[in-house]
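Topology and contacts: notes
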Amino acid sequence: MSDVFESFADLDALAEELRSEDPKRRRVAVIELEDSGELAAVPLLASLSEDPDAGVRRQVAIALGSFDGPETAAALMHVLVDADGDVAAAAAASLAELKESDAAGPLLAFVGHPSAFVRESIYRALKGLRNRDSLEPALKAF
(Lines give C-alpha, C1' and ligand atoms only; values in the text may rest on other atoms or scores of the structure.)
Protein backbone atom coordinates (compact mmCIF):
# COMPACT_ATOMS: atom_id res chain seq x y z
CA MET A 1 0.00 0.00 0.00
CA SER A 2 1.44 3.39 -0.94
CA ASP A 3 1.90 6.17 1.55
CA VAL A 4 -0.50 9.10 0.92
CA PHE A 5 2.36 11.48 1.70
CA GLU A 6 4.68 9.83 -0.81
CA SER A 7 6.06 12.08 -3.54
CA PHE A 8 3.66 12.28 -6.50
CA ALA A 9 6.39 11.49 -8.98
CA ASP A 10 9.90 10.20 -8.86
CA LEU A 11 11.81 13.31 -9.88
CA ASP A 12 14.95 11.33 -10.67
CA ALA A 13 13.07 9.16 -13.15
CA LEU A 14 11.48 12.24 -14.70
CA ALA A 15 14.86 13.93 -14.97
CA GLU A 16 16.02 10.90 -16.96
CA GLU A 17 12.99 11.23 -19.27
CA LEU A 18 13.89 14.89 -19.87
CA ARG A 19 17.04 13.64 -21.59
CA SER A 20 15.13 11.38 -23.96
CA GLU A 21 15.77 11.71 -27.71
CA ASP A 22 11.99 11.72 -28.24
CA PRO A 23 10.39 15.17 -27.78
CA LYS A 24 7.03 13.51 -27.01
CA ARG A 25 8.57 11.73 -24.03
CA ARG A 26 10.16 15.01 -22.88
CA ARG A 27 6.78 16.78 -23.09
CA VAL A 28 5.11 14.03 -21.06
CA ALA A 29 7.87 14.30 -18.45
CA VAL A 30 7.30 18.07 -18.28
CA ILE A 31 3.58 17.50 -17.66
CA GLU A 32 4.38 15.00 -14.93
CA LEU A 33 6.80 17.45 -13.32
CA GLU A 34 4.04 20.05 -13.31
CA ASP A 35 1.62 17.56 -11.78
CA SER A 36 4.12 16.71 -9.06
CA GLY A 37 3.70 20.17 -7.54
CA GLU A 38 7.20 19.86 -6.07
CA LEU A 39 9.35 22.99 -6.06
CA ALA A 40 12.32 20.79 -6.94
CA ALA A 41 10.69 20.46 -10.37
CA VAL A 42 11.38 24.13 -11.24
CA PRO A 43 15.13 23.71 -11.95
CA LEU A 44 14.38 20.59 -13.98
CA LEU A 45 11.83 22.52 -16.03
CA ALA A 46 14.23 25.44 -16.42
CA SER A 47 16.83 23.07 -17.83
CA LEU A 48 14.59 22.61 -20.88
CA SER A 49 14.19 26.32 -21.64
CA GLU A 50 16.46 25.86 -24.67
CA ASP A 51 15.16 22.47 -25.77
CA PRO A 52 15.44 22.06 -29.57
CA ASP A 53 11.70 21.29 -29.79
CA ALA A 54 9.36 24.30 -29.55
CA GLY A 55 6.56 22.05 -28.29
CA VAL A 56 8.69 21.04 -25.32
CA ARG A 57 9.60 24.68 -24.59
CA ARG A 58 5.92 25.67 -24.80
CA GLN A 59 4.99 22.88 -22.38
CA VAL A 60 7.74 24.10 -20.03
CA ALA A 61 6.27 27.62 -20.13
CA ILE A 62 2.82 26.25 -19.33
CA ALA A 63 4.12 23.98 -16.56
CA LEU A 64 6.01 26.81 -14.88
CA GLY A 65 2.66 28.58 -14.48
CA SER A 66 1.84 26.06 -11.75
CA PHE A 67 4.74 27.23 -9.60
CA ASP A 68 5.66 30.55 -8.01
CA GLY A 69 8.60 32.47 -6.62
CA PRO A 70 11.81 34.04 -7.90
CA GLU A 71 13.19 30.79 -9.35
CA THR A 72 10.05 30.33 -11.40
CA ALA A 73 10.14 33.94 -12.59
CA ALA A 74 13.76 33.57 -13.68
CA ALA A 75 12.97 30.36 -15.54
CA LEU A 76 10.03 32.01 -17.26
CA MET A 77 12.22 34.86 -18.48
CA HIS A 78 14.22 32.36 -20.56
CA VAL A 79 11.13 31.18 -22.41
CA LEU A 80 9.53 34.64 -22.59
CA VAL A 81 12.28 35.74 -24.96
CA ASP A 82 11.92 32.59 -27.10
CA ALA A 83 11.91 33.15 -30.87
CA ASP A 84 8.79 30.98 -31.20
CA GLY A 85 5.70 33.12 -30.64
CA ASP A 86 3.64 30.31 -29.12
CA VAL A 87 6.35 29.61 -26.54
CA ALA A 88 6.68 33.30 -25.66
CA ALA A 89 2.90 33.70 -25.37
CA ALA A 90 2.67 30.71 -23.03
CA ALA A 91 5.46 32.20 -20.90
CA ALA A 92 3.67 35.56 -20.76
CA ALA A 93 0.48 33.85 -19.59
CA SER A 94 2.40 31.97 -16.90
CA LEU A 95 4.16 35.15 -15.76
CA ALA A 96 0.75 36.72 -15.18
CA GLU A 97 -0.05 33.86 -12.77
CA LEU A 98 2.83 34.66 -10.39
CA LYS A 99 1.63 35.72 -6.95
CA GLU A 100 4.68 35.85 -4.66
CA SER A 101 6.00 39.40 -4.33
CA ASP A 102 9.59 38.10 -4.32
CA ALA A 103 9.10 36.92 -7.90
CA ALA A 104 9.45 40.56 -8.99
CA GLY A 105 13.24 40.53 -8.54
CA PRO A 106 14.17 38.57 -11.67
CA LEU A 107 11.57 40.48 -13.70
CA LEU A 108 12.90 43.91 -12.78
CA ALA A 109 16.18 43.13 -14.51
CA PHE A 110 14.29 42.99 -17.84
CA VAL A 111 12.07 46.10 -17.65
CA GLY A 112 14.30 47.81 -20.22
CA HIS A 113 14.28 44.88 -22.64
CA PRO A 114 14.22 46.03 -26.29
CA SER A 115 11.14 43.91 -27.11
CA ALA A 116 7.82 45.65 -26.46
CA PHE A 117 6.19 42.23 -25.99
CA VAL A 118 8.67 41.29 -23.27
CA ARG A 119 8.28 44.64 -21.50
CA GLU A 120 4.48 44.46 -21.63
CA SER A 121 4.51 40.90 -20.28
CA ILE A 122 6.80 41.91 -17.44
CA TYR A 123 4.74 44.94 -16.47
CA ARG A 124 1.56 42.86 -16.53
CA ALA A 125 3.19 40.35 -14.18
CA LEU A 126 4.62 43.08 -11.94
CA LYS A 127 1.21 44.72 -11.63
CA GLY A 128 -0.21 41.50 -10.21
CA LEU A 129 2.71 41.07 -7.82
CA ARG A 130 2.23 44.50 -6.22
CA ASN A 131 5.87 44.70 -5.28
CA ARG A 132 6.99 48.13 -4.07
CA ASP A 133 10.25 47.92 -6.01
CA SER A 134 8.36 47.69 -9.30
CA LEU A 135 6.59 51.03 -8.98
CA GLU A 136 9.54 53.24 -9.95
CA PRO A 137 10.50 51.26 -13.10
CA ALA A 138 6.84 51.16 -14.16
CA LEU A 139 6.50 54.94 -13.79
CA LYS A 140 9.71 55.51 -15.74
CA ALA A 141 8.36 53.40 -18.59
CA PHE A 142 5.55 55.85 -19.25
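Structure first, text after, so check above.
Remember, predicted model here, so these are calculated numbers, not experimental data. (Residues numbered from 1 in each chain as written. Predicted model: local features only at pLDDT ≥ 70, side-chain atom pairs only at ≥ 80, totals over all residues. Heavy atoms only, no water.)

**Things to note about the overall build of the protein**
So the rule is basically this: Every helix listed is a DSSP run of H or I at least four residues long, and every strand listed is a run of E at least two residues long, numbered separately from the N terminus. Buried means the residue's accessible area, taken with a 1.4 Å probe over protein chains only, is under 20% of the maximum for its type, while exposed means over 50%, and partly exposed covers the values in between. The contact rule is simple, with two residues in contact once any of their heavy atoms fall within 4.5 Å. Residue exposure ignores everything except the shown protein chains as possible cover, and the areas themselves are Shrake-Rupley values with a 1.4 Å probe.
Summing up its helical and strand segments, the protein has nine helices and zero strands in all. Beginning at the N terminus, the succession of helices and strands in the protein can be written as α-α-α-α-α-α-α-α-α. By the burial criterion, 42% of the 142 residues in the protein qualify as buried. Partitioning the contacts of the protein with sequence separation of at least 6, the portion at a separation of at least 24 is 62%. As presented, the protein carries roughly 8000 Å² of accessible surface, and 54% of it is formed by carbon and sulfur atoms.

**Here we look at helix H8 (residues 116-129)**
Keep this limit in mind: Multiply 1.5 Å by the residue count of a helix minus one, and that product is the helix's expected span. We define a polar contact as two N or O atoms separated by no more than 3.5 Å, with the added condition that, inside protein, one atom must be a possible hydrogen donor and the other a possible acceptor, whereas residues neighbouring each other in sequence contribute only through side-chain atom pairs.
Helix length check: H8, at 14 residues, gives a terminal C-alpha distance of 20 Å against a target of 20 Å (1.5 Å per residue), a fit within 8%. Among all positions in H8, only Val 118, Ser 121, Ile 122, Tyr 123, Ala 125, Leu 126 and Leu 129 are buried. Its side-chain oxygen placed 3.3 Å from the backbone nitrogen of Phe 117, Ser 115 serves as the N-cap of H8.

**Section: helix H2 (residues 23-36)**
Convention followed: Directions from the helix axis toward the C-beta atoms define the arc.
For H2, which comprises 14 residues, the first-to-last C-alpha distance of 20 Å matches the rise-based estimate of 20 Å (1.5 Å per residue) to within 8%. If you check which residues of H2 are buried, you get Arg 26, Ala 29, Val 30, Leu 33, Glu 34 and Ser 36. Along the axis of H2, the buried positions cluster into a sector of 155°, meaning they face one direction only. In this structure, the buried residues of H2 make contact with helix H1 (11-17), helix H3 (41-46) and helix H4 (54-64). For H2, the side-chain oxygen to backbone nitrogen distance between the N-cap and Lys 24 is 3.0 Å, and the N-cap itself is Asp 22. Two residues or fewer past H2, Gly 37 is found with a positive phi of approximately 70°.

**What about the environment of Ser 49?**
Turning to its location among the elements, Ser 49 is positioned in the loop between H3 and H4. Each C-alpha atom, one on Ser 49 and one on Asp 82, is 8.6 Å from the other, the two residues being 33 residues apart in sequence. With near-sequence residues (within four places) excluded, Ser 49 lies in contact with Arg 57, His 78, Val 79 and Asp 82.

As far as function goes, none of this settles anything; it's purely spatial.
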